[in-house]
Each structure stands twice: as structure tokens, then as C-alpha cells.
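# Structural overview
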Amino acid sequence: MEKVLIQFAVLVISFFGLWFLLSRIEFINRDRVDKFAAESEQKLGEIILESITLTSEEVHNKKLQAVLDSIKTRLCEGKHLDCSKIKVHLVRNSEVNAFALPDDHLVVFTGLLEYAEKPEEVAGVMAHEIGHIEKNHVMKKLTKDIGLSMLFAIAGGEAGGEIARETARMLSSTAFDRDKEREADAFAVETLAAANIDPQHLSNFFFRLARKHDMPEELVWISTHPDTDERAGEIIKLKKNYTLEPEPILGTDWKEIQRLVSSYEEDENEDDLRGYDSEADSVVDMTEEVGADTTVVQ
Amino acid sequence: MAQVSEFAYRPDDYESEKASNSYLMSVVAVIAGLPLPIINLLATLFFYFGNRKGTFFVRWHCTQALLSQATVLCMNSAGFAWTMSIIFGDVTLTNPYIAYMITVVLFNISEFIATVYAAIVTRKGQHVSFWFFGPLTALICKD
């Protein structure tokens, strides 16, 4: 019996010893792989974003951008996230939708801003999408669904525009798997609580969308986020783990922001950019408000 | 790794062939079952159950072949699961994974060589005992 045990120990030690020694060899240069992957992801993000903005125009209105940036800053600073890496793009599209792209791009459709009743609801949706970014769900989904070699082909410009458009369509109109959606929900609740924003607003947003029996085609975000009722309930449960002292996100009336979204025209956009000086005050005002909010959070 | 010794009695030609076949079974299964490690064990297991009422010499070598296969199966299964999670899951390709696969391949090759050697030796009517599996078989398999 003793002989068996000794020989078993030698066998186990030799197996794990050999594995351990071989593990010391650098078969894969992780730094080079990471660098290559980061460069490809950056190009992939740019290409997919470009294919989206080819069909739906990106809104460059400074006021609206400042609103989204202020929400992003509030969310990031509450949870000490690197805010600068997340690039928020407002895209003119009537669909109620927001989604994350590779390389930390976050696309928000104007339809979402028009549909949301409060900026806190937009913050909830953005926190959920930032969750997908922070947990690297986008690249995991793309790698799983279309394969690494195809992603490199798109990033290298070898795959053609149609595949890039199809990838963009997939990211904007299909859900992540159930576990990843729940993970992003949990992240959103944690982030909102850290930013002193009540997660109840995100839950309300879910409930409101789920209660719409005659769901119009524009309500894309809800169709890509299934089990809405259940998840809204889950958010309320998670919320109980945090002590909240909610503070308003914006100093501006939300209806005014929505009017700006509705009345937004391309000409205004051009004027906005050309006549930046004439409107500089209002832009600065908005930025100062953002700063003020941030200070309150800190 | 494999030691040739005298058995309790001198097996006849029929017994030697049966004992040798128990090793050949796992060798053939290794070739057929490389992508699915369970096939190796199943083949050896069926052969074992087919001969468990055989003579002592045949039973002994069937048991040794089965035990060595079961160990390799555990190593291969872990490697198989790890590979599947890299292909279909969220797991990334790492140095420990490659090291593990090399280790498993080396152990598989060693087991393969030992098995072929045992098949040849037992066919000649000689008794062969593997490192660890031999003494373990001696504990399990009684006359």
C-alpha cells in the first residue's frame, strides 16, 4: 500500500512539476498580443462607428453633448472609473436605443433622449451600457459570434463595408446573453448608487417599456433587453443593498433638453459649430453646471 | 516505468493473446478517440467487463490497462474542457494552457509507448507491471 502511495505521489508531482516548469516558458508574449488586440479593437470601433454614422448622422450639438458628458462624468466619478476612455456619441435616430461598441464607444440615439422622462433614466441606460464596456462584453460577444479572424479582417479593412455594417447592426439590435445582461444590470445599480442617482429610475424605465403592449418598432432597446419585468424587479432588490442620497443630475430642465433634441436640425448643427463664439456662454454655462455637479458628488 | 517480471504461473497462449488485446484495445481507441477522450475509456471498459470472469492473468492486465486509461482520461478531459472554453467561452489562450496541453501530450505519448510495449510483452506470455498502476492493480486484482 505504501509503495502505491509513494508512486502515486511521484506521478502527481511529476505531472504538476512538468506543467509548472513548462508554464514558465513564454509561449505567448502577452504584451504583444494585448497591444495588437488593442490596436485592432480601436480600428474595429472606428469602422463600426463609421458604418453607423453613414446611415444615421452623429449629432455635434455642444449642449446635448455636454448633457451626455455630464451624465457620463457623474457615473464614472462615483465609481472611480476612467471617464476619458469612454467616448459617448449622440446619433440622430428615432429608435429608443443605446449600445456599446468596441474600443469603449457608447452610442446613444436621440430617440432615447426623447423617450426618457428624466435624465436619471438616461443615466440608468448609460450605466448599463458602461457595464458592458467595463466587463468587456462587446469584444467577447463579437469574438464568440463572428470569430476573431473575421474581427481582424474587419479591423484590417479586408472584410468590406457590408460586414462592418452587419456587425454594427448586430451590436445595436441583438442582446447579450442573459448572464451578461444581469451582470451589466448589477454594475448599473452599483454605479448609479455610487453616483447618488436612484436606480429606481432605471427600473421604472424598464417597467414603462414593458407595459407598452403596442410596442412600436422604435423601442429597440427593450427588444434587445429581454425579461424586462423580471430584471426591473431584480434592480429594485439590488437597490436595497445601498444607502442612497439622490441628487439631481442636471441643473437644466429635462423638457428643455428634449425640445432641443426634437428641434435639432443639421443646419443648426453647422451653425452651432461655426457660431461657437456667439453661443459660447451657454456652452460654458452647461460645462460649469457639470463641474458643479461633479463637485457635489465628490 | 514498466517492469517485466515473473507472474504467479505461466499463462498459456490463449491467455497471453487476451491480455495483449486489452492493451491493444486502448491503443486502437487512442487513435480513434483522440478528439473525444471518453472513447478510450469506454473501449477499455467494455473489454474489461467482457473479461472480468477470465483467468487471473487476463483480468490482471485488463485491470492495469483500465486504470492507466482512466488516469489519462482525467488529464485529457480537463484539457478538452479547457480547449472548449477557449473556443466557445470567454477564456483566453494563456501560457499555462499551452504548458498543460504539452504536459498532457507527453503523458499520453508515455502511456501510449508503455501500452504498446505491454501489448508486445504480454503476447509473449511475460508479465509486465507499470509504475504505480502495477502495484495498484496488484492491490485490486486478487487471485
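Look up: the structure comes first, before these words.
Since the model is a prediction, treat every value here as computed from it, not as a measurement.

On to the overall build of chain B. Each helix and strand in chain B was counted, giving five helices and two strands. Starting at the N terminus and ending at the C terminus, chain B contains elements arranged as β-α-α-α-α-β-α. Evaluated residue by residue, chain B yields a buried proportion of 36% over its 143 residues. Long-range contacts, defined here as pairs at least 24 residues apart, represent 73% of the contacts in chain B between residues at least 6 apart.

Helix and strand content of chain A: 15 helices and three strands. Counting only residues that meet the buried cut, chain A has 36% of its 298 residues in that class. Counting only contacts in chain A whose residues sit at least 6 apart along the sequence, the fraction spanning at least 24 positions is 76%.

The next subject is the interface of chain A and chain B. Residue-level contacts link 16 residues of chain A with 17 residues of chain B. Here the side of chain A that touches chain B gets 10 residues from one element, more than from any other, and that element is helix α1 (residues 2–23) of chain A. Residue composition of the side of chain A that touches chain B, grouped by class: 11 nonpolar, two polar and three charged.

Residue and element names in this part refer to chain A. Between the first and last C-alpha of helix α5 (residues 119–134) there are 22 Å, a value that for 16 residues agrees with the 22 Å anticipated at 1.5 Å per step. Counted residue by residue, α5 has 16 buried out of 16 residues, so it is predominantly covered. Of the residues flanking the end of α5, it is Asn136, one or two places downstream, whose phi is positive at about 60°.

What counts, and at which threshold
Residues numbered from 1 in each chain as written. Chains lettered and ligands numbered in written order. Predicted model: local features only at pLDDT ≥ 70, side-chain atom pairs only at ≥ 80, totals over all residues. Helix = DSSP H or I, 4+ residues; strand = E, 2+ residues; numbered from the N terminus. Buried ≥ 20, exposed ≤ 12 C-beta atoms within 10 Å, placed from the backbone. Contact = placed C-beta atoms within 7 Å. Nonpolar A, V, L, I, M, F, W, Y, C, P; charged D, E, K, R; others polar. Expected span 1.5 Å × (residues − 1).

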